[in-house]
Amino acid sequence: GQNIDQPTEMTATEGAIVQINCTYQTSGFNGLFWYQQHAGEAPTFLSYNVLDGLEEKGRFSSFLSRSKGYSYLLLKELQMKDSASYLCAARGDSGGYQKVTFGIGTKLQVIP
Amino acid sequence: GAVVSQHPSWVICKSGTSVKIECRSLDFQATTMFWYRQFPKQSLMLMATSNEGSKATYEQGVEKDKFLINHASLTLSTLTVTSAHPEDSSFYICSASPGLAGGPRETQYFGPGTRLLVL
């Protein structure tokens with residue numbers, strides 16, 4: 001089976017750095033995704049990690065530790081438009097085939 | 001690149017009618033398409049996975065006779081909600097991937113979603 005845990009809400013200040021954590025228990029783990037979802041809209045792809053380490057992409061970075069079942073999304077130089085839900089998703093085995101399971105999402109509020 | 005469109009963006013229908021939602025990958029060939037449902041303040045729930053030209057794989061608890069999925073080409077998949085009822089009201093989102101489920105290219109690109117309200 002698969003289980004994804006991430007905080008439900010976070011608040012951070014414009015210009016600051018925020019780290020959103022995600023832990024997972026996934027059979028046959030084969031990749032960790034982060035998506036951004038603004039209220040009322042569909043998710044947009046942010047990052048993909050399958051090997052341990054940090055992947056940097058502009059203001060956003062994502063880290064993975066397979067041995068710990070742990071990932072985080074790091075957002076630097078926060079902007080007001082970064083207020084959104086951030087979904088952690090893990091791919092693994094489910095009923096004999098590969099499946100991506102999404103967490104409930106972390107709602108980030110950026111304040112002035 | 002990697003644009004996915006969905007139509008309609010919203011629909012209101014009477015209970016008992018059927019509703020068809022289209023999902024298209026505009027600038028890439030989608031080997032795999034996914035259909036999700038999202039209720040307010042909840043996460044995405046995968047309904048089914050479909051590969052072009054083959055039958056969809058439905059998640060446990062999803063009625064395949066009620067939610068008909070057709071992945072007729074590498075750029076189009078349709079979801080038909082048959083005999084819709086008020087409890088089917090939700091945000092339906094499709095995603096498309098250029099790779100096979102479980103493969104290295106299985107990054108999903110989401111459509112804008114369809115809001116369905118069944119009266």
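Just above, that's the structure.
Predicted model only: the values in this text are computed from it and were never measured.

**Student:** I would appreciate a short explanation of the packing of aromatic side chains in the present structure.
**Tutor:** The geometry of an aromatic ring pair is captured by the separation of the ring centres together with the interplanar angle, meaning the angle of the planes. Under the definition given, this model contains 16 aromatic pairs over all chains. Aromatic side chains Y35(A) and F45(A) sit 5.8 Å apart centroid to centroid with 70° between the ring planes, which places their arrangement in the edge-to-face category. On the criterion of sequence distance, the pair formed by Y35(A) in strand β4 (residues 32-37) and F45(A) in strand β5 (residues 44-49) is long-range, its members being ten residues apart. For Y35(A), a relative accessible area of 1% gives the class buried. In this structure F45(A) comes out as partly exposed when scored by relative accessible area, which is 25%. Among the aromatic residues, those joined into a cluster by ring pairs are F33(A), Y35(A), F45(A), Y48(A), F102(A), F28(B), F34(B), Y36(B), Y109(B) and F110(B). For the cation-ring pair, K66(B) lies above F67(B), with the distance from its terminal atom to the ring centre recorded as 5.9 Å.

**Student:** Would you mind showing me how to read unusual backbone geometry here?
**Tutor:** Each neighbour pair has its own omega, and for H7(B) with P8(B) the value is 0°, a cis peptide bond. Inspection of the secondary structure puts P8(B) in the loop between β1 (4-7) and β2 (10-13). Its identity is not glycine, yet E77(A) carries a phi of approximately 45°, on the positive side. Inspection of the secondary structure puts E77(A) in the loop between β8 (70-75) and β9 (84-94). Its identity is not glycine, yet S83(B) carries a phi of approximately 45°, on the positive side. Looking at where S83(B) falls in the secondary structure, it is placed in the loop between β8 (76-81) and β9 (90-97). Using a relative accessible area of 33% as the deciding quantity, one classes S83(B) as partly exposed.

**Student:** Would you explain the side chain of S61(A) in this entry?
**Tutor:** Residue and element names in this part refer to chain A. Its place among the elements puts S61 in strand β7 (residues 60-65). Residue S61 is classed as buried on the basis of its relative accessible area of 1%. Residues in contact with S61, not counting those within four places in the same chain, are L54, E55, E56, Y72, L73, L74 and K76.

Scoring rules and cut-offs
Residues numbered from 1 in each chain as written. Chains lettered and ligands numbered in written order. Predicted model: local features only at pLDDT ≥ 70, side-chain atom pairs only at ≥ 80, totals over all residues. Heavy atoms only, no water. Phe/Tyr/Trp six-rings, centres within 6.5 Å; stacked < 30°, edge-to-face > 60°. Helix = DSSP H or I, 4+ residues; strand = E, 2+ residues; numbered from the N terminus. Buried < 20%, exposed > 50% of the residue type's maximum accessible area, 1.4 Å probe, protein only. Lys NZ or Arg CZ within 6 Å of the ring centre and 35° of its normal. Contact = heavy atoms within 4.5 Å.

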